[in-house]
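# Fold and geometry: a report
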Amino acid sequence: MLGVSLAMLLGGVLLMLRISQGGSFPSPLSAEEEKKYLEMWQSGDIEARNVLVEHNLRLVAHIIKKYYTQTNDVEDLISIGTIGLIKGINTYKPDKGIRLATYASRCIENAILSQRNNRRLRWRNGCLLRQNGACWREWESAAIS
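Just so you know, these numbers come straight off a predicted model, no measurement behind them.

### Description of the overall build of the chain
The secondary structure content of the chain amounts to 7 helices and 0 strands. Along its sequence from the N terminus, the chain presents helices and strands in the succession α-α-α-α-α-α-α. Of all 145 residues assigned to the chain, the portion counted as buried reaches 34%. Across the chain, the fraction of contacts at a sequence separation of at least 24, relative to all contacts at a separation of at least 6, is 63%. For the chain, the exposed surface amounts to about 9900 Å²; the carbon and sulfur share of it is 56%.

### Focus on the nonpolar core
In this structure, Leu-52, Leu-85, Ile-89, Ile-108 and Ile-112 are the most contacted members of the largest nonpolar core, which totals 25 residues. For Ile-89, the residues in contact, after removing those within four places along its chain, are Trp-41, Arg-49, Leu-52, Val-53 and Leu-100.

### Here's the deal with the packing of helix α4 (residues 57–67) against helix α5 (residues 74–91)
The relative placement of two packed helices comes down to the angle between their axes together with the axis-to-axis distance. At their nearest, the axes of α4 and α5 sit 9 Å apart, and the two run at 130° to each other. The angle between α4 and α5 places the two elements in the oblique class. Here α4 and α5 pass one another in a crossing that is right-handed. Residues Leu-57, Val-60 and Ile-64 of α4 pack against Val-74, Leu-77, Ile-78, Gly-81, Thr-82 and Leu-85 of α5.

### Remarks on the packing of aromatic side chains
As enumerated under the stated definition, the model contains 1 aromatic pair in all. Ring centres 5.9 Å apart and planes at 55° place the aromatic pair Tyr-92 and Tyr-103 in the tilted group. You can see Tyr-92 sitting in the loop between α5 and α6 (100–131) and its partner Tyr-103 sitting in helix α6, a full 11 residues away along the chain. Taking relative accessible area as the criterion, Tyr-103 reaches 26% and is therefore assigned partly exposed. If you follow Lys-36 out to its NZ or CZ, it ends over the ring of Tyr-37, 4.8 Å from the centre. Here the guanidinium or amino end of Arg-49 rests over the ring plane of Trp-41, the centre of that ring lying 5.7 Å away.

### Observations regarding the environment of Thr-91
Within the secondary structure, Thr-91 is located in helix α5. Once the C-alpha coordinates of Thr-91 and Ala-104 are considered, the two residues, 13 residues apart in sequence, prove to be 9.3 Å apart. A distance of 2.8 Å separates a polar atom in the side chain of Thr-91 from a polar atom in the side chain of Tyr-103.

### Overview of the packing of helix α2 (residues 31–42) against helix α3 (residues 46–55)
Packing of α2 against α3 brings their axes to within 7 Å, and their N-to-C directions diverge by 140°. Our classification of the angle between α2 and α3 gives oblique. As for the relative orientation of α2 and α3, their crossing is left-handed in sense. On the side of α2, the interface is formed by Glu-34, Tyr-37, Leu-38, Met-40 and Trp-41, while α3 contributes Ile-46, Ala-48, Arg-49, Val-51 and Leu-52.

### Thoughts on α3
Within α3, 8 of the 10 residues are buried, leaving the element largely enclosed by the surrounding structure. Along α3, the positions that sit buried rather than exposed are Ala-48, Arg-49, Asn-50, Val-51, Leu-52, Val-53, Glu-54 and His-55. One side-chain oxygen at the N-terminal end of α3 lies 3.1 Å from the backbone nitrogen of Glu-47; it belongs to Asp-45.

Each value, and the rule that gives it
Residues numbered from 1 in each chain as written. Predicted model: local features only at pLDDT ≥ 70, side-chain atom pairs only at ≥ 80, totals over all residues. Heavy atoms only, no water. Helix = DSSP H or I, 4+ residues; strand = E, 2+ residues; numbered from the N terminus. Buried < 20%, exposed > 50% of the residue type's maximum accessible area, 1.4 Å probe, protein only. Contact = heavy atoms within 4.5 Å. Areas by Shrake-Rupley, 256 points an atom, 1.4 Å probe, with all protein chains shown as cover. Core = buried A, V, L, I, M, F, W, Y, C linked by side-chain atoms within 4.5 Å. Axes fitted to C-alpha atoms, helices over the stretch in contact; angles between N-to-C directions. Parallel < 35°, antiparallel > 145°, perpendicular 65-115°, else oblique. Left-handed = near helix turned anticlockwise from the far one by under 90°. Phe/Tyr/Trp six-rings, centres within 6.5 Å; stacked < 30°, edge-to-face > 60°. Lys NZ or Arg CZ within 6 Å of the ring centre and 35° of its normal. Polar contact = N/O pair within 3.5 Å; in protein donor to acceptor, adjacent residues only side chain to side chain.

Note that every value here comes from positions in space, so none of it alone points to a role or purpose.
Given below as structure tokens:
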């Protein structure tokens, strides 16, 4: 499991490097191309999965722009959304009768919302501890040990 996660992370980093060199997101795949790459991915072709991720990154940017215009950490949200996209592509089942973009958009939103809830909880815990006179560093060291 760790090896798969590491491979996904490295693949994502390489993918982001490729995109940053070009300056913009690649165009979306046609329905036929998407079906072809999904079939290749279902048979175990990692490169097909990378193509699906690369050509759906525009969806991540669209979701972030549409719903999260107030935030300052857009780069973090793109990273988190990309992880959601990868998870979505990894768990997508074409036989369920739902389009990849629809399924992936829910996965992207879930990843972003999950991360935002975690941050909010950490921030609230820190504020509550400071209000009660506890030092944040003391709380972190107590939580680690």
